[in-house]
Every structure is written in structure tokens, then in C-alpha cells.
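Chain residues, written in single-letter form:
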Amino acid sequence: MKFKIALLSILIHGCCYLSAYSAIEFTDLDFWQREHLENQELRIRSYSRSLSYQLDIQPWASDPWENKSDTPWVEGVLRQVETEYSASSQMPVVQNREGLWITKGSNLMASAKMGLVSRYLSLWLEPLYAWHENQSLTNHPEGASQPSTSGSFRYPREIESYTDVTLHTGYLVLNLSNWYLLAGKDALRFGSGKHDNLHLSNSAEPFPMVRLGTISPWDTRTGFWSFLTYVGEMEENRAIPHAKLSGWRLNWSTQKRMEFGLSRAWFVGGDGQDNSFQHVTGNLYGELTKPKGQKYYSDLRNQQFVADFRFKIPEIQHVFYMEFGREDHEHTLNDARIEWDHSQAHIIGIKQLFDHDFFFIVERANNVQPRDQRATRGIIYWYTHGEYTNGWTYDGINLGHHMGADSEDSFLGFGQEKSDYSWMFFADTELHGIAGTPKNQQEYKTEVGLTGFYQVSRQWRVDASILMQNFENFGKVADNSLASNAWSFGVRFTP
């Protein structure tokens, strides 16, 4: 009841300031856009109010009429048209692609982002056409599932070529002072990680949701604050159909040095479960501890809590960042004191900018439960759950880090970021099944690649990437090797 009253107060407060509104749209979850903004922060070594961003809460709101002297009541906008051809020799690729697979064989994609924009209510649509040759991988059925990660797959559900004609994203958004209310299908990505994120990443496709959030951070004496909360509905084809994903995100930043965020979410409800507002959303705020005892076994919730930060040192153009999370635990201070490492995961990384444009990134992720905790509690995997057996997934793709459960990931990137072109060479290693698999069956993956874009003109941009992968003990089968190459080439038109 208290939460409902607070939500009503927010809406009433917003209605008192309608004159302050501007139309808004939401940015793509684009790696290069984020790096460009962060590098702007690092290049300005003196204090500057205009170059301080909150980058760890995505997507961000922007104003499509910002540079116009006069604004119509309603305007049709074609924001972007994009086409892509891609191919893979063996392994499908979906990491950081919002559910758009590069399957074995050839793939074609075409999409457009368009909207009807007004001062107070806007409609944004992104129809997508995709064709996937999806050549058979029946020679390697052992690799279809992500190692140790229930419900997460590395191959599409389809077993033959298929075509998708879908609404990739589509939503109505209402502006309420410095608040927006969104209803539709959209994507979320939280955290400071660059290679990937623990909590929500951009590998799985957007999902249906209702979301309430701030448009611009509040400027207060204690720093800049932003907040959003959401309830999403998962697909029908899962162990508990139509499960809800309910969560919130709180971001705080200073003018120059620090950005800090907290994310909490859980799978709850679904067919045959308690789908009341209080259980799905209200308890997310009112019950910071997961129930123990008999109530625990009848209260089906799969939860995560993740803290992240990035610390900037503009004087030497350096960024240090980290994510740390815990999953499916009671969240009590006593549990944190006694079993701090129970069901934990972390990402730690650095970025260094030099010669104005060049950069390197070093990042390491790990979600393996420490040995002493395994001895007392058994092996407990991140991204898995006893009742919600599809784990932390949407449509068979992990919502969090692509490495999956019981794994570690080491990433190195070196490149150049400029407004008219950018490129990055990267190398990555992953080890899967560390705690739960004999050493001679642990899957080891290495990959190297090159990715980037070239801005041909103000309207035209070309994107390209190439990736070479090698697997040892593929699918956790001893001495089972697999090599694969993938590449993509895309053209983007922005009117």
C-alpha cells in the first residue's frame, strides 16, 4: 500500500510541471556511443559541467527536438535504417546483439527505427526482418546448451532455416516532468562492464515491459541521481510460462570522478504463481531479505543484487570499474558477514586512453563459488534456480553475462575511437565448468577479433566485424575440439 501511494505521488508531482517537458527517445545499447561519451569525459582534464554523463544505466533518454528552434505538435520521424549481412562457419553468435543470431551459414537483416513524436506522448517502432540459413549443427548437439547454465542455449531454437518478421522494439512513452512512463518492448543494460555485464546485458532480445524512470539525473547537493523501475513479462515457452521479471536501478554520480549503481531484480509470478502487484513489485522494495524456513520453499523467486561503479581519473585519462553481485540469498547482514562469498560474481576492469584517440581495455569476470563455500553448501551456480529452471534467461538467451554459470572470462581490447571512425582488436578467453566439472572436461574457449565502423558521411555509416573462435573440450566432452569463424558487414542510414 505504501508503495502504491508513493507511485501515485510521483505521478501527481510530475503532472504539476508539464511545461518543463520535452519529447524523448531512447538510445541504442551501442558500445561505440558509450565509449565516445566516456572518452569525452576523459579528454577534458579540467572541471566541466557539460561533460559528465551517467553511462552505466542504459538506454539513456535523448530529445529528438533538442536542436530545433520551433517544434510541431506531432512529428513523424525516421531515425535510422540498417541492413546487415553476416555468416558463420560453425558456431552461432549472439553476444551483444539483442537476440539477433548470426547462425551457421548466411544471415540477412534489415530494420528501421521510426516514431510519432509529440511533447507529451510518443510512439517508437523498430520493425525487423531477418533471414537465417541456420545450417544444421547436428554433428555437435553437445554444445547446444550453455555449459552449467540451465535454460540458456548457444544455438537458436529452430533446427532449419527460418525467417523472422518482428517488432524488435516498440513502445509508447509518456513524459511526466522529469519522469517517463514506458509501455511496450524494449531492452535494458545495466553496469560498468564493457565486454559484458553481470545483471542485464544486451545479448538477449528486448522483452515486453512497463517502466518508470527519470529522464535526466537530479542535480542535488549530494550529486546526480537517477532511478528506474520496471516489470517485464517473459515468454510462454519456459518451465513457468509468462514469469515476470521485476526490478529497479538506482544510479548516483559526482561531477567529475565517480559513478555508482545498484540493481536488483527477480523472476517471480507466472502461470500458477502469485501474480499480485504486492508480490511481484511491492515485495521487491519491502522485502530486502529473502524469506527463510518453510515460507522460502513456497515463495518462488530467483533474485540478483548487483553493485557497480566506475572511477575516472581525467588527469591521466584512466578509468577503473567493477561490478559485484550476489544471487538467491537472504541479503541479511548476518549472512553477508558469515558467507560473504556465497553465490557471488564480479567483474573488474581498467581502461586507459592515450594519444587522445587510442585506448586499451583489460577486463576479467568470474562467477565461480569459492572452494570453502562449496565445501559447506555444495555447488551453487549463478544464473540458475531450483524452481525457475530456465534460470536468468529470455527466449533461451542469458540476460546477464554471456559466459554463463561456473565460468571465468578474461578480455583484452586495443583500439582507436574517433567520431568518424573507430576500431578495436580484441582477444578473449573463457573457462566453463570450473567447480562442477572434472578438469579434463572443462570447456576452454579462445577468440580473437576485430570490430569497428567508418562514418562515410553525416548520413551513412558502415559497420564490420570478424571473429575467430576455438573450443577445447567443446560441450564439456574431453578432447572434443571445434573451430569457427564469423563475420558481419552492415550499412546504417540516418536521415
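This is a predicted model, so every value here is computed, not measured.

### With respect to the overall build of the protein chain
The helix and strand tally for the protein chain stands at six helices and 25 strands. Looking at the 495 residues of the protein chain, the share that counts as buried comes to 54%. Across the protein chain, every contact between residues at least 6 apart in sequence was considered, and the portion connecting residues at least 24 apart equals 67%. Here the protein chain has roughly 21,100 Å² of accessible surface; of this, 59% comes from carbon and sulfur atoms.

### Describing helix α2 (residues 31-43)
Between the first and last C-alpha of α2 there are 18 Å, a value that for 13 residues agrees with the 18 Å anticipated at 1.5 Å per step. Near the N-terminus of α2, the side chain that reaches the backbone nitrogen of Trp32, with its oxygen 3.2 Å away, is that of Asp30.

### Topic: the pairing of strand β4 (residues 74-88)
With 14 bridges connecting them, β4 and strand β5 (residues 105-118) associate as antiparallel partners. Each residue of the ladder has a partner; that of Ser86, found in β5, is Asn107.

### A few points about the confidence of the model for the protein chain
Confidence along the protein chain averages 87 in pLDDT terms, with 86% of residues attaining 70 or more. Predicted confidence for residues 1-21 stays below pLDDT 50, and this span has 22 contacts to residues more than four positions away or in other chains.

### Looking at unusual backbone geometry
With omega at 5°, the peptide bond leading from Gln58 into Pro59 counts as cis. Following the sequence through the fold, Pro59 ends up in the loop between β2 (57-58) and β3 (61-62). Despite not being glycine, Ser177 has its phi angle at roughly 55°, a positive value. Residue class for Ser177 comes out buried when judged on its relative accessible area of 14%.

### Some remarks on the side chain of Asp463
Along the chain, Asp463 falls in strand β24 (residues 460-472). Taking relative accessible area as the criterion, Asp463 reaches 17% and is therefore assigned buried. At 2.8 Å, the side chain of Asp463 and the side chain of Arg461 are in polar contact. The contact partners of Asp463, leaving out residues within four places of it in the chain, are Gly452, Phe453, Ser488, Phe489, Gly490 and Arg492.

### Concerning the pairing of strand β10 (residues 207-214)
Counting buried positions along β10 gives six out of eight residues, so the element sits mostly inside the fold. Sheet topology places strand β8 (residues 179-186) next to β10; eight bridges connect them, and they run antiparallel. Counterpart to Leu181 in the pairing with β10 is Leu212. By the bridge criterion, five bridges tie β10 to strand β12 (residues 223-233) in an arrangement that is antiparallel.

### Some remarks on the nonpolar core
Of all hydrophobic cores here, the largest spans 43 residues; its most connected members are Leu245 and Leu399. It is strand β7 (residues 162-176) that provides the largest number of residues to this core, a total of three residues. Counting residues in each nonpolar core, the second largest holds 15 residues, with Leu353, Phe453, Leu467 and Ala486 among its members.

### Description of the packing of aromatic side chains
If you walk through the whole model with that rule in mind, you get 24 aromatic pairs. Between Trp32 and Phe453 the ring centres are 6.0 Å apart and the planes differ by 70°, which places this aromatic pair in the edge-to-face class. Here the residue Trp32 occupies a position in helix α2, and Phe453 occupies one in strand β23 (residues 443-455), the gap between them amounting to 421 residues. The burial state of Trp32 is the same as that of Phe453; both residues are buried. Relative to Trp392, the ring of Phe267 has its centre 5.2 Å away and its plane inclined at 85°; by these criteria the two rings are edge-to-face. Note that Phe267 is positioned in strand β14 (residues 258-268) and Trp392 in the loop between α6 (371-377) and β19 (393-394), a separation of 125 residues in sequence. Across the pair, exposure class does not vary: Phe267 and Trp392 are buried alike. Members of the aromatic cluster, connected to one another through ring pairs, are Phe354, Phe358, Phe360, Phe414 and Trp423. Seen from the ring of Phe26, Arg211 lies directly overhead, with NZ or CZ sitting 5.0 Å from the centre.

### Re the side chain of Arg211
Positionally, Arg211 belongs in strand β10. Since its relative accessible area comes to 1%, Arg211 is described here as buried. Looking at Arg211, its side chain comes within polar contact range of the side chain of Asp186, at 3.0 Å. Excluding residues that lie within four positions of it along the chain, Arg211 makes contacts with Phe26, Pro59, Tyr180, Leu181, Leu182, Asp186, Ala187, Leu188, Leu228, Thr229 and Tyr230.

### Side note on the pattern of salt bridges
Tallied over the full model, the rule gives 33 salt bridges. A salt bridge links Glu41 to Arg310; its shortest N-O distance comes to 3.1 Å. Of this pair, Glu41 sits in helix α2 while Arg310 is found in strand β15 (residues 302-313), placing the two residues 269 residues apart along the sequence. Each member of the pair, Glu41 together with Arg310, is buried. Its salt-bridge partner being Arg238, residue Glu235 comes within 3.1 Å of it at the nearest N-O pair. There is no split in this pair, since Glu235 and Arg238 are both buried. Members of the salt-bridge network, linked through shared partners, are Arg34, Glu35, Glu38, Glu41, Asp56, Lys194, Glu259, Arg310, Lys312 and Lys351.

What counts, and at which threshold
Residues numbered from 1 in each chain as written. Predicted model: local features only at pLDDT ≥ 70, side-chain atom pairs only at ≥ 80, totals over all residues. Heavy atoms only, no water. Helix = DSSP H or I, 4+ residues; strand = E, 2+ residues; numbered from the N terminus. Buried < 20%, exposed > 50% of the residue type's maximum accessible area, 1.4 Å probe, protein only. Contact = heavy atoms within 4.5 Å. Areas by Shrake-Rupley, 256 points an atom, 1.4 Å probe, with all protein chains shown as cover. Expected span 1.5 Å × (residues − 1). Polar contact = N/O pair within 3.5 Å; in protein donor to acceptor, adjacent residues only side chain to side chain. Pairing = 2+ DSSP bridges. pLDDT = per-residue confidence, 0-100. Core = buried A, V, L, I, M, F, W, Y, C linked by side-chain atoms within 4.5 Å. Phe/Tyr/Trp six-rings, centres within 6.5 Å; stacked < 30°, edge-to-face > 60°. Lys NZ or Arg CZ within 6 Å of the ring centre and 35° of its normal. Salt bridge = Lys/Arg side-chain N within 4 Å of Asp/Glu carboxyl O.

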